[in-house]
Amino acid sequence: MTAPDPSYYQHHIFFCLNKRENGDSCCADHDAQEAFDYCKSEVKKQGLSGAGKVRVNKAGCLDRCAGGPVAVVYPEAVWYSYVDKADIKEIVESHLANGVVVERLLTPPHLGR
Ligand code: FES
(Lines give C-alpha, C1' and ligand atoms only; values in the text may rest on other atoms or scores of the structure.)
Protein backbone atom coordinates (compact mmCIF):
# COMPACT_ATOMS: atom_id res chain seq x y z
CA MET A 1 0.00 0.00 0.00
CA THR A 2 1.37 3.39 -0.95
CA ALA A 3 1.39 6.32 1.46
CA PRO A 4 -1.23 8.99 0.88
CA ASP A 5 -0.03 11.93 -1.18
CA PRO A 6 0.33 14.87 1.22
CA SER A 7 -0.04 17.31 -1.63
CA TYR A 8 -3.14 15.88 -3.28
CA TYR A 9 -4.38 19.46 -3.53
CA GLN A 10 -1.99 22.29 -4.17
CA HIS A 11 -4.25 24.58 -2.16
CA HIS A 12 -7.12 23.69 0.12
CA ILE A 13 -9.33 26.52 1.34
CA PHE A 14 -11.82 26.15 4.18
CA PHE A 15 -14.61 28.65 4.84
CA CYS A 16 -16.19 28.89 8.26
CA LEU A 17 -19.96 28.79 7.67
CA ASN A 18 -20.88 28.55 11.32
CA LYS A 19 -24.26 29.94 12.37
CA ARG A 20 -25.01 30.76 16.00
CA GLU A 21 -28.61 30.81 17.08
CA ASN A 22 -27.93 32.64 20.37
CA GLY A 23 -27.16 35.98 18.75
CA ASP A 24 -23.40 35.80 19.23
CA SER A 25 -21.29 36.90 16.29
CA CYS A 26 -20.60 34.23 13.70
CA CYS A 27 -19.32 34.02 10.14
CA ALA A 28 -22.74 33.07 8.77
CA ASP A 29 -23.93 36.56 9.78
CA HIS A 30 -21.38 38.03 7.35
CA ASP A 31 -22.47 36.32 4.14
CA ALA A 32 -20.02 33.43 4.53
CA GLN A 33 -22.24 31.07 2.53
CA GLU A 34 -22.34 33.50 -0.41
CA ALA A 35 -18.56 33.90 -0.24
CA PHE A 36 -18.10 30.13 -0.19
CA ASP A 37 -20.43 29.65 -3.17
CA TYR A 38 -18.70 32.43 -5.07
CA CYS A 39 -15.24 31.00 -4.36
CA LYS A 40 -16.32 27.57 -5.56
CA SER A 41 -17.75 28.97 -8.77
CA GLU A 42 -14.69 31.15 -9.45
CA VAL A 43 -12.28 28.26 -8.84
CA LYS A 44 -14.28 26.10 -11.22
CA LYS A 45 -14.64 28.87 -13.82
CA GLN A 46 -10.91 29.45 -13.83
CA GLY A 47 -10.15 25.74 -14.26
CA LEU A 48 -8.44 25.50 -10.88
CA SER A 49 -10.48 22.74 -9.26
CA GLY A 50 -9.41 19.14 -8.86
CA ALA A 51 -6.52 16.92 -7.86
CA GLY A 52 -3.19 18.71 -7.88
CA LYS A 53 -5.01 22.03 -7.93
CA VAL A 54 -7.57 23.62 -5.61
CA ARG A 55 -10.31 22.32 -3.33
CA VAL A 56 -12.89 24.59 -1.65
CA ASN A 57 -14.54 23.19 1.48
CA LYS A 58 -17.04 24.19 4.13
CA ALA A 59 -16.02 24.22 7.77
CA GLY A 60 -17.70 24.77 11.08
CA CYS A 61 -16.36 27.30 13.55
CA LEU A 62 -12.61 27.66 13.17
CA ASP A 63 -12.45 29.43 16.54
CA ARG A 64 -11.22 32.72 15.11
CA CYS A 65 -14.65 34.34 15.14
CA ALA A 66 -13.31 37.78 16.15
CA GLY A 67 -11.66 37.97 12.72
CA GLY A 68 -14.72 36.72 10.90
CA PRO A 69 -15.73 35.99 8.35
CA VAL A 70 -12.63 33.86 7.95
CA ALA A 71 -11.21 31.34 5.51
CA VAL A 72 -7.92 29.46 5.79
CA VAL A 73 -5.69 28.17 3.00
CA TYR A 74 -3.55 25.06 3.47
CA PRO A 75 -0.86 23.84 3.31
CA GLU A 76 0.44 27.32 4.11
CA ALA A 77 -2.10 27.88 6.93
CA VAL A 78 -2.75 31.42 5.71
CA TRP A 79 -5.81 32.99 7.36
CA TYR A 80 -7.97 35.52 5.60
CA SER A 81 -10.64 37.90 6.83
CA TYR A 82 -12.68 38.92 3.82
CA VAL A 83 -15.46 41.40 3.31
CA ASP A 84 -16.96 40.92 -0.12
CA LYS A 85 -16.79 39.04 -3.41
CA ALA A 86 -14.00 41.29 -4.68
CA ASP A 87 -11.87 40.02 -1.78
CA ILE A 88 -12.70 36.41 -2.64
CA LYS A 89 -11.86 37.02 -6.28
CA GLU A 90 -8.48 38.43 -5.27
CA ILE A 91 -7.75 35.42 -3.04
CA VAL A 92 -8.62 33.09 -5.91
CA GLU A 93 -6.62 34.94 -8.55
CA SER A 94 -3.60 35.75 -6.41
CA HIS A 95 -3.21 32.98 -3.84
CA LEU A 96 -5.09 29.98 -5.19
CA ALA A 97 -4.05 30.47 -8.81
CA ASN A 98 -0.56 31.88 -8.35
CA GLY A 99 0.53 31.18 -4.77
CA VAL A 100 0.83 34.87 -3.90
CA VAL A 101 -0.58 35.69 -0.45
CA VAL A 102 -3.02 38.63 -0.33
CA GLU A 103 -1.36 40.53 2.49
CA ARG A 104 -4.10 43.14 2.90
CA LEU A 105 -6.69 40.47 3.79
CA LEU A 106 -4.66 38.56 6.38
CA THR A 107 -6.44 37.93 9.67
CA PRO A 108 -4.56 39.79 12.42
CA PRO A 109 -2.53 37.14 14.26
CA HIS A 110 -3.90 37.91 17.73
CA LEU A 111 -7.56 37.47 16.81
CA GLY A 112 -9.10 34.32 18.19
CA ARG A 113 -12.60 33.76 19.39
S1 FES B 1 -17.97 31.47 13.73
FE2 FES B 1 -16.49 31.54 12.11
S3 FES B 1 -14.59 31.20 13.10
FE4 FES B 1 -16.07 30.97 14.67
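Residues numbered from 1 in each chain as written. Predicted model: local features only at pLDDT ≥ 70, side-chain atom pairs only at ≥ 80, totals over all residues. Heavy atoms only, no water.

## Description of the sheet that holds strand β3 (residues 70-74)
Where strands meet in a sheet, backbone hydrogen bonds hold them as pairs that are either parallel or antiparallel. Taken in spatial order, the four strands line up as β2-β1-β3-β4 in an open sheet, and their pairing is mixed. In the strand order of this sheet, the two ends are held by β2 (54-59) and β4 (78-81), each with one partner. Mean inter-strand twist for the sheet, computed between neighbouring axes without regard to direction, equals 20°. Alignment of β3 against β4, held across four bridges, turns out to be antiparallel. By the bridge assignment, Ala71 is partnered in β4 with Tyr80. The strands touched by helix α1 (residues 32-45) within the sheet are β1 (11-16) and β2, with β2 carrying the most contacts at an inclination of about 165°. In this fold helix α2 (residues 85-98) packs onto β1, β2, β3 and β4, with an angle of close to 160° to the strand it touches most, β1. (Pairing = 2+ DSSP bridges. Helix = DSSP H or I, 4+ residues; strand = E, 2+ residues; numbered from the N terminus. Axes fitted to C-alpha atoms, helices over the stretch in contact; angles between N-to-C directions. Contact = heavy atoms within 4.5 Å.)

## Observations concerning the side chain of His95
Mapped onto the secondary structure, His95 falls in helix α2. What makes His95 buried here is its relative accessible area of 0%. The residues touching His95, leaving out its near neighbours within four places in the chain, are His11, Val73, Glu76, Val78, Tyr80, Glu90, Val100 and Val101. (Buried < 20%, exposed > 50% of the residue type's maximum accessible area, 1.4 Å probe, protein only.)

## A look at α1
Because an α-helix completes one turn every 3.6 residues, residues spaced three or four positions apart along the sequence face the same direction. Here α1 contains 14 residues, and its C-alpha end-to-end distance of 20 Å stays within 8% of the 20 Å for a straight helix at 1.5 Å per residue. Taken together, the buried positions of α1 are occupied by Ala32, Ala35, Phe36, Tyr38, Cys39, Glu42 and Val43. Taken down its axis, α1 places every buried residue within 165° of arc, on the same side. Those residues of α1 that are exposed and angled more than 90 degrees off the buried face are Lys44 and Lys45. Its buried side turned inward, α1 meets β1, β2 and α2. Residue Gly47 follows α1 closely and has a positive phi angle near 70°. (Expected span 1.5 Å × (residues − 1). Arc of directions from axis to C-beta.)

## Things to note about the environment of Lys44
With respect to the element layout, Lys44 can be found in helix α1. A relative accessible area of 64% means that Lys44 is categorised as exposed. Lys44 sits 10 residues away from Val54 along the chain, and the two C-alpha atoms are 9.1 Å apart.

## A word on the pairing of β3
By the criterion of burial, β3 is predominantly enclosed, with four of the five residues buried. In this sheet, β3 lies alongside β1 in antiparallel orientation, the contact comprising four bridges. From the neighbouring strand, Phe15 faces β3, where its bridge partner is Ala71.

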